[in-house]
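Here's the letter readout for the chains.
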Amino acid sequence: MKIIVTDTPDQAFQRAADMIAEEIRGPQASILGLATGRTMESIYRILVQQHDAGTLDFSGTTSFNLDEYVGLPPTDPNSYSHYMQEHLFSHVNMPAGQGHVPDGSAEDLDAECARYEAAIRAAGGLGLQLLGIGETGHIGFNEPPSAFDSRTRVVHLDDVTRRQNSGMFGDDPERVPERALTMGVGTILEARHLLLVAVGDNKAAIVDEALNGPISEAVSATAIRLHDDVTVILDAAAARIWRQNGHLPNSPENL
Ligand code: GLP
């Protein structure tokens, strides 16, 4: 695992955007796994800037998002589908229909999850999977406990997560949907590369647990340690406890 620690959040966002851009420019058509949340907004902003500057072409890119709230149609301003339109899809030249987000308003949610898994497989599997981390240690919406071989499915959201994500819902955790669709931990682990990005002091404890605690289905993010091609990008605040516990970034640029 390559662990990069930057001084500022902006440097972390830039490093992450550079890795994603490299994947997009790579020789193979890129199948990106994308994520949502505040952390990703700044990363998408940089990618859009590169696109606007004419240095990044999304025409050969296909993407699959990690998750979506149950009950919100894609037009709902709080849906992740809407988030992706607002922060990325509507600003870049990715052909319509190539940016996939699970449909949380589907009538048959289990069928939608199976369809999503099949669509990822049919596209050739995930290349680079971008990940944030929730305060419960979730990746995607894989709340504890989530089996490491879990697939795309319906999950109940933890109260901690509903509180953490309430900003988009008028700061009212009760308005955050109780359920979501999420790629499973097993689905995520099949991506060819994983890129986890975390910034800010509120992530410091869970980052330390993810990188250093026992590998356990009680903390989904510990599963990334089972993958052999992982980059973790942290700012100094998110890395604080992990460093206090005696760990050092192992990427050459940090040594
Ligand atoms: C949501 C998403 C996660 C993401 C998390 C982090 O819960 N489902 O995939 O990792 O938010 O959010 P933030 O970047 O806002 O801290």
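Parameters and conventions
- Residues numbered from 1 in each chain as written.
- Predicted model: local features only at pLDDT ≥ 70, side-chain atom pairs only at ≥ 80, totals over all residues.
- Heavy atoms only, no water.
- Core = buried A, V, L, I, M, F, W, Y, C linked by side-chain atoms within 4.5 Å.
- Buried < 20%, exposed > 50% of the residue type's maximum accessible area, 1.4 Å probe, protein only.
- Helix = DSSP H or I, 4+ residues; strand = E, 2+ residues; numbered from the N terminus.
- Contact = heavy atoms within 4.5 Å.
- Pairing = 2+ DSSP bridges.
- Axes fitted to C-alpha atoms, helices over the stretch in contact; angles between N-to-C directions.
- Near = heavy atom within 4 Å.
- Polar contact = N/O pair within 3.5 Å; in protein donor to acceptor, adjacent residues only side chain to side chain.
- Areas by Shrake-Rupley, 256 points an atom, 1.4 Å probe, with all protein chains shown as cover.
- Nonpolar A, V, L, I, M, F, W, Y, C, P; charged D, E, K, R; others polar.
- UniProt positions renumbered as here; feature names shortened; annotations may be inferred.
- Phe/Tyr/Trp six-rings, centres within 6.5 Å; stacked < 30°, edge-to-face > 60°.

1. What about the nonpolar core?
Ile 20, Tyr 44, Leu 47, Leu 88, Leu 130 and Leu 234 are the most contacted members of the largest nonpolar core, which has 72 residues in total. When residues in this core are grouped by element, the largest group, seven residues, is from helix 1 (residues 9-25). Apart from residues no more than four positions distant in its own chain, Leu 88 is found in contact with Leu 34, Tyr 44, Leu 47, Val 48, Phe 58 and Tyr 83. Judged by nonpolar contacts, the second largest core, of five residues, contains Val 70, Ala 106, Leu 109 and Leu 181.

2. Concerning helix 7 (residues 204-212)
Ala 204, Ile 206, Val 207, Asp 208, Ala 210 and Leu 211 are the residues of helix 7 that are buried. Contact partners of the buried residues in helix 7: strand 1 (2-6), strand 9 (193-198), strand 10 (230-235) and helix 8 (240-244).

3. Considerations on the sheet that holds strand 7 (residues 153-156)
Strands belonging to one sheet form pairs held by backbone hydrogen bonds; the direction of such a pair is parallel or antiparallel. One open sheet accounts for three strands, arranged 4-8-7; its pairing is antiparallel. Looking along the sheet, the strands with just one partner apiece sit at the ends: strand 4 (67-69) and strand 7. In this sheet, adjacent strand axes meet at a mean angle of 30° when their direction is disregarded.

4. Quick notes on the site of the ligand
Around the ligand there are 14 residues in total, and Arg 38, Thr 39, Asp 67, His 138 and Lys 203 lie nearest to it. Arg 38 is positioned with one of its backbone polar atoms (N or O) 2.8 Å from an oxygen atom of the ligand. Gly 140 has a polar backbone atom sitting 3.5 Å from an oxygen atom of the ligand. Protein burial of the ligand: of its 390 Å² of free accessible surface, 97% is covered by the chains. Its residues placed into classes, the shell around the ligand shows three nonpolar, eight polar and three charged.

5. Re the packing of helix 2 (residues 38-52) against helix 3 (residues 80-87)
Where helix 2 contacts helix 3, the axes come no closer than 10 Å and their chain directions differ by 35°. Between helix 2 and helix 3, the contacting residues are Met 40, Glu 41, Tyr 44 and Val 48 on the first element and Tyr 83, Met 84 and His 87 on the second. Of the residues contributing to the contact of helix 2 with helix 3, the split by class is five nonpolar, one polar and one charged.

6. Notes on the pairing of strand 6 (residues 128-131)
Remember that side chains alternate between the two faces of the sheet whenever the strand is regular. Neither face of strand 6 is exposed, since Leu 128 and Leu 130 on one face and Gln 129 and Leu 131 on the opposite face are all buried. Of the strand pairs in this sheet, strand 6 and strand 9 are connected by four bridges, and their pairing is parallel. In the sheet register, Gln 129 faces strand 9, and the bridge partner there is Leu 194.

7. Observations concerning the pairing of strand 8 (residues 179-182)
Direction of pairing for strand 4 relative to strand 8: antiparallel, over a ladder of three bridges. What sits directly across from Glu 68, in strand 8, is Leu 181. Pairing between strand 7 and strand 8: four bridges, direction antiparallel. Paired with His 156 across the strands is Arg 179, a residue of strand 8.

8. Overview of the UniProt feature "domain: Glucosamine/galactosamine-6-phosphate isomerase" (unreviewed entry) in the protein chain
The UniProt record annotates "domain: Glucosamine/galactosamine-6-phosphate isomerase" (unreviewed entry) at residues 11-225. Regarding residues 11-225, the helix share stands at 34% and the strand share at 14%, and the terminal C-alpha atoms are separated by 24 Å.

9. Describing the packing of aromatic side chains
We describe a pair of aromatic rings using the distance from one ring centre to the other and the angle between the two ring planes. The final tally for this structure, using the stated rule, is seven aromatic pairs. Summarising the aromatic geometry, the rings of Tyr 69 and Phe 169 are spaced 5.5 Å apart at their centres and angled 90° between planes, so their arrangement reads as edge-to-face. Note that Tyr 69 is positioned in strand 4 and Phe 169 in the loop between helix 5 (159-164) and strand 8, a separation of 100 residues in sequence. A relative accessible area of 3% places Phe 169 in the buried class. Summarising the aromatic geometry, the rings of Tyr 80 and Tyr 83 are spaced 6.3 Å apart at their centres and angled 70° between planes, so their arrangement reads as edge-to-face. Of this pair, Tyr 80 and Tyr 83 both sit in helix 3, separated by three residues, roughly a single helical turn. With relative accessibility at 9%, the residue Tyr 80 sits in the buried group.

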